[in-house]
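An overview of the molecular structure
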Amino acid sequence: QVQLVESGGGLVQAGGSLRLSCAASGRTFSRQGMGWFRQAPGKEREFVAAISWSGADTDYADSVKGRFTIFRDNAKNSVDLQMNSLKPEDTAVYYCAARDLWGPVSTVRADYPYWGQGTQVTVSS
């Protein structure tokens with residue numbers, strides 16, 4: 001089982017950047033696909049970005065394509081989300097999530113059995 005801890009959230013002005021990090025415990029991280037999701041107040045948790053266990057494949061929500069980039073470092077058991085050109089509508093709690101072993105890139109929340117506690121991102125206009 002993997003445990004996930006997010007960091008890097010905060011308050012930023014529109015047009016600014018933030019980099020979120022997710023630290024994973026356990027020995028299986030390098031064989032697990034990873035994802036970032038977010039949940040705004042009163043809304044469902046939604047997919048943001050995902051990366052395969054090898055890092056070769058990625059996928060992004062249309063709303064963040066060209067602005068967000070997902071990275072992973074299997075040697076450090078970490079996955080980051082670089083967020084540029086932030087907009088007020090990006091305001092949400094951001095969650096890191098892990099798939100079971102060898103799972104392909106997925107945009108589906110139910111495919112991720114392991115979740116972090118979340119980190120707040122607030123973008124002011």
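A brief report on the enclosed structure follows. All values reported here derive from a predicted model rather than from experimental measurement.

**Some thoughts on the overall build of the protein chain**
Summing up its helical and strand segments, the protein chain has 0 helices and 11 strands in all. Along the protein chain, helices (α) and strands (β) appear in the sequence β-β-β-β-β-β-β-β-β-β-β when read from the amino end. Over its C-alpha trace the protein chain gives a radius of gyration of 13 Å, about what one expects of a compact globule, namely 14 Å for 125 residues. Taking the principal axes of the C-alpha coordinates as reference, the protein chain spans close to 40 × 25 × 25 Å. The contacts of the protein chain with a sequence gap of at least 6 include a subset with a gap of at least 24, amounting to 60%. Counting 13 positive and 12 negative side-chain charges, the protein chain places the averaged centre of each group 3 Å from the other.

**Observations regarding the pattern of salt bridges**
In total, this model carries 6 salt bridges according to the counting rule given. Across the salt bridge formed by Asp62 and Lys65, the nearest N and O atoms sit 3.3 Å from each other. On the basis of relative accessibility, which here comes to 66%, the residue Asp62 falls in the exposed class. Take Lys65: its relative accessible area is 48%, and that puts it in the partly exposed class. Each of Arg38, Glu46, Arg67 and Asp90 takes part in one network of salt bridges that share partners.

**Some remarks on the environment of Val12**
The topology assignment puts Val12 in strand 2 (residues 10-13). By relative accessible area, Val12 is classed as buried at 13%. C-alpha separation for the pair Val12 and Thr28, spaced 16 residues apart in sequence, amounts to 34 Å. Not counting the four nearest positions on each side in its chain, Val12 is found in contact with Ser17, Leu18, Leu86, Thr122, Val123 and Ser124.

**Topic: the state of the cysteines**
With the rule as written, the count across this model stands at 1 disulfide. The residue that forms a disulfide with Cys22 is Cys96, at a sulfur-sulfur distance of 2.1 Å. Torsion about the S-S bond of the Cys22 and Cys96 cystine: about -80°, corresponding to left-handed handedness. Placement of the pair is Cys22 in strand 3 (residues 18-24) and Cys96 in strand 9 (residues 92-101), with a sequence separation of 74 residues. Judged by relative accessible area, which is 0%, Cys96 ranks as buried.

**Section: the pairing of strand 11 (residues 119-124)**
Regular strands place their side chains on alternate faces of the sheet. Only one face of strand 11 is buried, namely the one carrying Thr119, Val121 and Val123, since none of Gln120, Thr122 and Ser124 on the opposite face is buried. In this sheet, strand 11 lies alongside strand 2 in parallel orientation, the contact comprising 4 bridges. The partner of Val12 across the bridge, within strand 11, is Val123. Across 3 bridges, the pairing between strand 9 and strand 11 is antiparallel. Paired with Tyr94 across the bridge in strand 11 is Thr119.

**Looking at the sheet that holds strand 7 (residues 68-73)**
On the basis of which strands lie adjacent, the open sheet formed by 4 strands has the order 1-3-8-7 and antiparallel pairing. The open sheet has two edge strands, strand 1 (4-7) and strand 7, and neither has a second partner. The average angle at which neighbouring strand axes cross in this sheet is 15°, direction not considered.

Rules of the game
Residues numbered from 1 in each chain as written. Predicted model: local features only at pLDDT ≥ 70, side-chain atom pairs only at ≥ 80, totals over all residues. Heavy atoms only, no water. Helix = DSSP H or I, 4+ residues; strand = E, 2+ residues; numbered from the N terminus. Rg over C-alpha atoms; globule rule 2.2 N^0.38 Å. Contact = heavy atoms within 4.5 Å. Lys, Arg positive; Asp, Glu negative; His and termini not counted. Charge placed at Lys NZ, Arg CZ, Asp CG, Glu CD. Salt bridge = Lys/Arg side-chain N within 4 Å of Asp/Glu carboxyl O. Buried < 20%, exposed > 50% of the residue type's maximum accessible area, 1.4 Å probe, protein only. Disulfide = S-S within 2.5 Å. Pairing = 2+ DSSP bridges. Axes fitted to C-alpha atoms, helices over the stretch in contact; angles between N-to-C directions.

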